[in-house]
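What the coordinates show
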There are 2 protein chains.
Amino acid sequence: MTKTRNHVTQSERTRRATLRDVAQLSGVSEISVSRVMRNAPSVSDRLRSRVLAAAGELGYTPNRLAGALKTSSTNLVAVIVPSIGNGVFPEVLDGIESVLADAGLRPVLGITQYDRAQEVQVLRDMLAWSPMGVILAGTDHEPAVTRMIDQQGIPVVEFMDIDRSPMQSAVGISNVKAAVAVADLLAKRNYKRPGYIGAWSERPDRSKARRLAFEARLVELGIPLVDREIASVRASAEVGAKTTETLLKRSPDIDAIFFANDDQALGALFYCQRTGRKVPDDIGIIGFNGIEIGSTTPTILASVVTPRFQMGVETAKLMLLAASDPSTRNVIDLGFEIRLGESI
Amino acid sequence: MTKTRNHVTQSERTRRATLRDVAQLSGVSEISVSRVMRNAPSVSDRLRSRVLAAAGELGYTPNRLAGALKTSSTNLVAVIVPSIGNGVFPEVLDGIESVLADAGLRPVLGITQYDRAQEVQVLRDMLAWSPMGVILAGTDHEPAVTRMIDQQGIPVVEFMDIDRSPMQSAVGISNVKAAVAVADLLAKRNYKRPGYIGAWSERPDRSKARRLAFEARLVELGIPLVDREIASVRASAEVGAKTTETLLKRSPDIDAIFFANDDQALGALFYCQRTGRKVPDDIGIIGFNGIEIGSTTPTILASVVTPRFQMGVETAKLMLLAASDPSTRNVIDLGFEIRLGESI
DNA sequence: ATATGAAATGACAACGTTACCAATTTACGG
DNA sequence: CCGTAAATTGGTAACGTTGTCATTTCATAT
């Protein structure tokens, strides 16, 4: 037998145990240890228990780098989102993780800061780890993204909106339908002079598409948009108050505002109350996403409630499905619900 | 030369390009290609450009599984948190990611659901990938966690609280100091009958430690805690309203409540206003974390403001430091600030 | 007992990369 | 133009695992 190591260095002591160590201690072959660790079939109980004992004694942990190299498959899932600080993504991520974890898969996180070029770079970096799949936010990506994923031949699931057709599968809601529904609601409630407020963190096209659909519908309804304001910073309640102030100063006769997110909408709600405007009598407010706090405010915030956790769950489920059947091509519309609240 | 593949299968076409492919196309050795891809020194410009051309043509991406196996080092950082749906962790994670990304490192995400046993399991799973470091929430872990990390000999940084001594390094605030500060504030504002409200998502000991410190200080100040209520579900505004109702029904003479989180505190604030209790005249409310919305409410929420993003940033920086100098042992107290607001 | 097939076990060669050393080329002073 | 050192290039052997195939052991029917 070849003596690979003929000098026992200090690192010898702390070296991570390998299959070989376990095999030697338990007096079986390496491949048998491998089979035991993987719960592969064709292993006798006697051998299994002997191996497990040795593995326990050595504190052996399989080295997935080696295993993955050999099988060229990992339990890693690349999850790339625009942001994670606040807003909707943490909740979606929560749903994703909960399903992946049960399936023994691990999310590897990438954040793009809403920058398409960064998405490409992050994806490239992640693909070097041979993830078994990729989860992306939105359906609007650089061509390179599609190309790289196609080349790897792994499943992709896109979550958030389903207004454009996805690379393979997608889970989300129709932002267009939501925008139309809000416009219809405003008309039904007899608002005549609607406005729109968004923010930087709503930059991607799904938000723009939503706004355009909103404006188009308003025109159809005969109550065209009076004015809009898109903050150039991340959405927050503070910013919501500021943008509302700006918008109302410029167009004081606006009688309802559709916000691209609830943070701004709440800020606006509080701003109006502080400045003596009656909501919804003087001005109607409706937000987007249906964050929890909005349903407990003294004036309950109207909002388009999106199923964020469930979106994550369904996204991950679709990933599992695609893993077992690569031909999977699904688009799941989770729909939305309008919480009327008391602000509209 | 050995012909490794003598049958060109269909997969041959889609097979991911390897060093060998690039080497053959560019007419250099594999090791030279490796050097070019890693920007290793001792490569002539001529060779470099030839290799890069070939790599580009083949769409070659290095296989990190192989590289990592050989060097037994990765750019992966295991990040294990109790939860991610809402609350403080997304913001910390945001800070962590922003620093790691700049350093070319990737967070691999693990969620424990506040379950210590799960933390062990998740960590074990992640260590199989030989991460270059581990980031954990809190300083209270199963002995197995410490053991496994020690055995791997990699850096750990614990973030959140720094009241117990960390395995290696930690970044956070002192929950004990914060609790004492709140108790002192209540005394100074002449509250006499304080209460405490927490929730399930505050389960770990850092929250308990905070509560105990709060109670102990109140005793010292001669205004012992009147009553407390710990919701057995995740914190939310809705739950905050409910727990407040329960607490005040049981102990109607409570004149101030310290909440373990701002979600519940906001719910309580709204609940009191809805039910005609004047805040802070009838009852004082102070929360924990200082979430943004609390600073725009008509009655600004008093809260202990914690530097969550910065906590993530400093945590990741410490990880980088420990990566270059494994003997790093730091404890960074980021401190907190009390936003007095208008609710206390 | 013996034949027969199934179950259990093992030997060996990869997977794609990089560390380590050796070989070759280049640069430059005398 | 030569010798020497530095810079550049390459050969070989791992890293720790698993797929493939061969070999051994075992159970069962005859």
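Residues numbered from 1 in each chain as written. Chains lettered and ligands numbered in written order. Predicted model: local features only at pLDDT ≥ 70, side-chain atom pairs only at ≥ 80, totals over all residues. Heavy atoms only, no water.

The next thing to look at is the overall build of chain A. When helices and strands are counted, chain A shows 13 helices and 12 strands. Computed over its C-alpha atoms, the radius of gyration of chain A comes to 27 Å, more than 25% above the 20 Å expected for a compact globule of 344 residues. Expressed as a percentage of its 344 residues, the buried residues of chain A come to 55%. For chain A, long-range pairs separated by at least 24 residues make up 68% of all intrachain contacts whose partners lie at least 6 apart in sequence. Summed over all atoms, the accessible surface of chain A reaches about 14,800 Å², with 51% contributed by carbon and sulfur. (Helix = DSSP H or I, 4+ residues; strand = E, 2+ residues; numbered from the N terminus. Rg over C-alpha atoms; globule rule 2.2 N^0.38 Å. Buried < 20%, exposed > 50% of the residue type's maximum accessible area, 1.4 Å probe, protein only. Contact = heavy atoms within 4.5 Å. Areas by Shrake-Rupley, 256 points an atom, 1.4 Å probe, with all protein chains shown as cover.)

The subject of this paragraph is the pattern of salt bridges. For the coordinates displayed, the defined rule picks out 38 salt bridges over all chains. One salt bridge in this structure joins A:Lys242 and A:Glu238, with 3.5 Å as the shortest N-O distance. Here the residue A:Lys242 and the residue A:Glu238 both occupy positions in helix H11 (residues 237-250), the gap between them amounting to 4 residues, near one helical turn. For A:Glu238, a relative accessible area of 35% puts it in the partly exposed group. A salt bridge links A:Lys249 to A:Glu245, with the shortest nitrogen-to-oxygen separation between them at 3.9 Å. With A:Lys249 and A:Glu245 both in helix H11 and 4 residues apart, this pair spans about one turn of that helix. Where salt bridges share partners, they join A:Arg64, A:Glu97, A:Arg106 and B:Asp125 into one cluster. (Salt bridge = Lys/Arg side-chain N within 4 Å of Asp/Glu carboxyl O.)

On to the protein's contact with DNA strand C. What surrounds DNA strand C is a group of 26 residues, the closest being A:Arg35, B:Leu19, B:Ser34, B:Tyr60 and B:Lys70. Atoms of DNA strand C within 4 Å of the protein: sugar and phosphate make up 66%, bases the balance. The separation between a phosphate oxygen of DNA strand C and a polar main-chain atom of B:Leu19 is 2.5 Å. Counting only elements with at least two residues in the surface near DNA strand C, the list comes to helix H3 (30-37) and helix H5 (64-71) of chain A together with helix H3 (30-38) and helix H5 (64-71) of chain B. Sorting elements by how many residues they give to the surface near DNA strand C places H3(B) first, with 5 residues. Looking at side-chain class alone, the surface near DNA strand C contains 10 nonpolar, 9 polar and 7 charged residues. (Near = heavy atom within 4 Å. Polar contact = N/O pair within 3.5 Å; in protein donor to acceptor, adjacent residues only side chain to side chain. Nonpolar A, V, L, I, M, F, W, Y, C, P; charged D, E, K, R; others polar.)

Bringing the side chain of A:Asp161 into the picture now. Residues and elements named next belong to chain A. On the secondary structure map, Asp161 appears in strand E4 (residues 156-161). One polar contact links Asp161 to Thr139, side chain to side chain, over a distance of 3.3 Å. Apart from residues lying up to four places away in sequence, Asp161 is in contact with Gly138, Thr139, Ile173, Asn175 and Arg206.

Turning our eyes to something else, we now look at the domain arrangement of chain A. Frequently, the measure chosen for interface size is the accessible area that the parts lose on association. All names here are of chain A. The assigned domain composition of chain A is domain 1 (10-62), domain 2 (74-173 + 308-335) and domain 3 (175-305). Taking only C-alpha atoms into account, the centre of domain 2 sits 29 Å from that of domain 3. On the side of domain 3, 15 residues touch domain 2, which itself brings 17 residues to the contact. Carbon and sulfur atoms make up 42% of the surface buried where domain 2 meets domain 3, a total of about 1,300 Å² over both sides. With its nearest N and O atoms 3.1 Å apart, the salt bridge here joins Asp333 to Lys177. At the boundary of domain 2 with domain 3, the tally comes to 5 residue pairs in polar contact (both at pLDDT 80 or more). In terms of residue class, the side of domain 2 that touches domain 3 is made up of 7 nonpolar, 5 polar and 5 charged. (Domains from an automatic or database assignment. Buried area = accessible area lost by both parts, 1.4 Å probe.)

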